[in-house]
Amino acid sequence: MREHDEGRSVRARGLTRRRVLGIGGALGLMAATGLSTSAALARRPSITGAELRSAVPLPPAFQVPLPLPAVLAPVSTAGGTDRYEITQREASAEILPGVKTPLWTYEGTFPGPTIESRRGRPITVTHRNELPVPTVVHLHGGHTPAASDGYPTDLVLPEGWHDAAMPTGHGSEHGSHGMHDPRAVVSKLTRDYTFPLDQRATLLWYHDHRMDFTAPAIWRGLAGLHIVRDDAEDNLGLPEGLRELPLMIADRAFAADGSLDYPALDPTLRERPGVHESYLAGVLGDVILVNGAPWPVHEVDTARYRLRILNASNARHYELEAVTDDGRRLDLVQIGADQGLLATPVTHRLLPIAPAERYDVIVDFSGVPVGSRVRLINRLGSGRTRDVMAFRIARHATDDSRIPRTLSTDLPTWRRSDAVQVRDFSFRAGQMRGDHGWLIGGLPFDPARTDVTARLGDVEVWRLVADVHHPVHLHLVGFRVLSRSGRPPLPHDAGLKDTVSLRPGEAVEIITRFDGYRGRYLFHCHNAEHEDMAMMANLEII
Ligand SMILES: [Cu+2]
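Just so you know, these numbers come straight off a predicted model, no measurement behind them.

Quick word on the confidence of the model for the chain
Detailed conclusions should not be drawn from predicted coordinates in areas where pLDDT is low.
At step 1: With 88% of its residues at a pLDDT of at least 70, the chain reaches an overall mean of 90.
At step 2: Predicted confidence for residues 1–44 stays below pLDDT 50, and this span has 64 contacts to residues more than four positions away or in other chains.
At step 3: Overall, residues 168–178 carries pLDDT values under 50, and its contacts beyond four positions in sequence, including any with other chains, amount to 31 contacts.

Below, the structure is given as structure tokens:
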């Protein structure tokens, strides 16, 4: 709330967009003057990134119905494994009414089709790349063997992609990490990804994770949901069926020709990675999409609904609240985090959500008059980006759902004294061979360098320190938040996480156990632009 108040006061003083969104400018300032990050960022702005302005007329809010992504049918369920096929291809969709937008998609839609799985039942997804560039699929939050985890250099090459056309990273000319990776496993046209899904029931998402080009690929549409369910959760009596809504929130901007605008240095996304300088801190759009629709509206009963919220934005943070027409705030009763159910519900009025985080919340519309609306608002937005979506209370209905006081009893209870290692990592702006970059521990990402070697089964405490906002994501494992700048975790840090939002200047301690699989994994910032500008590191489980 403190940050929000600061953001509002800055806007109230009528400063320019560049100052309000300051960090892109701050980076330039740092480069020009040698100012330290902390000095340049002393104002702690609540937004990380710069906003693109759409060049087409935007529709009024709360007119377009909320789409629900189709659930993908398996091509086979034989032998105890569900098999799926997904073709990655170009498609076009009418996201804004009357405007055709070319997209890169999974199966022709944005979001891609939702996969629904049962805990412990393995699946194989055969991805076929018919896009003009290499791709990589990562199941975010998946407890996945390294070979299927979508390491950024494990490319799936499209037809006719020759080695000579292979991207060389930022290369010597633009200075950085490069692509040379002797361990990369490159496949042609298709690749089978196997997910054991031996993990807690939760909402995961799959998205592109190609080296240097993750941010623009997700922006163009390469993202979809994956829900893991289990019997224990099914038996809780939570709202279900039509009263369980997955909500993938993502901001975008539209160019005059209807395409998605993105400030890529190389709009073909073939060779030169990176974005224009003003967007180094992150790319924000001026249109808020939920499940691919702009500021949609959804008709609901006077009943409890389970909202499974994912922030799939590249860089935009949200602070969500649900507000009735007469200005009343509804409780957002959190029942789950990134990695599944909490032990017990946590009630919020405001819910901050950073890129890649998921929150599972119950909203009760039973006290809201039929015919009125509840708006989901982003307190960190301004103007049009303050609205997210709306619920129109359409009809009276009975409701036999409930929110049990005990949601789960299987959360890990790692203690500090269990840790065999305590490690420190800084997440900061810096130079990578003469160019702007985002660094972990002072280093730009290098696939050929092992940054952390952890032993399978070990418990470790990691201390993560940030300059600006960095949502930090660990592959393979969930973790718990131990502290924020020496103080107890925040209410929304409850449960098992796989992405934690480091706020400007903050030090966050997390604890985890590296279990399941050996091999090469990653941890990185999930501000997708930071990720593409080298804010990743290797995690080798031995
Ligand atoms: Cu970051």
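Here we look at the coordination of the copper ion
Four donors placed tetrahedrally about a metal ideally form angles of 109.5 degrees, and six donors placed octahedrally ideally form angles of 90 or 180 degrees.
At step 1: Looking at the metal site, the copper ion is ligated by His470 (ND1), Cys525 (SG) and His530 (ND1), spaced 2.0 to 2.1 Å from it.
At step 2: Sequence positions of the donors to the copper ion reduce to the motif H-x54-C-x4-H. Taken together, the positions of histidine 470 in strand β30 (residues 470–474) and cysteine 525 in strand β34 (residues 519–525) put the pair 55 residues apart, joining distant regions of the chain.
At step 3: Given a relative accessible area of 0%, histidine 470 falls into the buried group.
At step 4: Classification of cysteine 525 as buried rests on a relative accessible area of 0%.

Notes on the packing of aromatic side chains
The geometry of an aromatic ring pair comes down to the distance between the two centres and the angle between the two planes.
At step 1: Evaluated as defined, the whole model comprises ten aromatic pairs.
At step 2: An angle of 45 degrees between the planes, with centres 5.1 Å apart, marks the rings of phenylalanine 365 and phenylalanine 391 as tilted. One end of the pair, phenylalanine 365, is in the loop between β23 (358–364) and β24 (373–378); the other, phenylalanine 391, is in strand β25 (residues 387–395), with 26 residues separating them in the sequence. Of the two residues, phenylalanine 365 and phenylalanine 391, both sit in the buried class.
At step 3: Joined through ring pairs, the aromatic side chains of Phe425, Trp462, Phe514 and Phe523 make up one cluster.
At step 4: Directly above the ring of tryptophan 104 sits arginine 220, whose terminal nitrogen or CZ lies 4.5 Å from the centroid.
At step 5: Positioned over the ring face of tryptophan 219 is arginine 252, at 4.9 Å from the centre of the ring.

Remarks on the sheet that holds strand β28 (residues 452–454)
At step 1: Spatially, five strands are ordered β28-β35-β34-β30-β32 in an open sheet, and the strand pairing comes out mixed. Looking along the sheet, the strands with just one partner apiece sit at the ends: β28 and β32 (499–502). Looking at each pair of strands side by side, their axes are set apart by 25 degrees on average, direction ignored.
At step 2: Where β30 meets β34, three bridges bridge the pair, whose relative direction is antiparallel. Following the sheet pairing, leucine 474 is matched in β34 by phenylalanine 523.

A closer look at the pattern of salt bridges
Two side chains that carry opposite charge are able to pair once their charged atoms sit near each other.
At step 1: Throughout the structure, instances matching the rule amount to 42 salt bridges.
At step 2: With its nearest N and O atoms 2.3 Å apart, the salt bridge here joins glutamate 299 to arginine 392. Note that glutamate 299 is positioned in strand β16 (residues 297–301) and arginine 392 in strand β25, a separation of 93 residues in sequence.
At step 3: Owing to a relative accessible area of 33%, arginine 392 belongs among the partly exposed residues under this scheme.
At step 4: Between arginine 484 and glutamate 506 there is a salt bridge; the shortest N-O distance is 2.7 Å. Here the residue arginine 484 occupies a position in strand β31 (residues 479–484), and glutamate 506 occupies one in the loop between β32 and β33 (507–513), the gap between them amounting to 22 residues. Grouping residues by exposure puts arginine 484 and glutamate 506 together as buried.
At step 5: One network of salt bridges, in which partners are shared, links Glu116, Arg229, Glu233, Glu244, Arg306, Arg308 and Asp360.

Thresholds, definitions, all that
- Residues numbered from 1 in each chain as written.
- Predicted model: local features only at pLDDT ≥ 70, side-chain atom pairs only at ≥ 80, totals over all residues.
- Heavy atoms only, no water.
- pLDDT = per-residue confidence, 0-100.
- Contact = heavy atoms within 4.5 Å.
- Donors = N, O, S within 2.8 Å, 3.2 Å for Na, K, Ca; no water.
- Helix = DSSP H or I, 4+ residues; strand = E, 2+ residues; numbered from the N terminus.
- Buried < 20%, exposed > 50% of the residue type's maximum accessible area, 1.4 Å probe, protein only.
- Phe/Tyr/Trp six-rings, centres within 6.5 Å; stacked < 30°, edge-to-face > 60°.
- Lys NZ or Arg CZ within 6 Å of the ring centre and 35° of its normal.
- Pairing = 2+ DSSP bridges.
- Axes fitted to C-alpha atoms, helices over the stretch in contact; angles between N-to-C directions.
- Salt bridge = Lys/Arg side-chain N within 4 Å of Asp/Glu carboxyl O.

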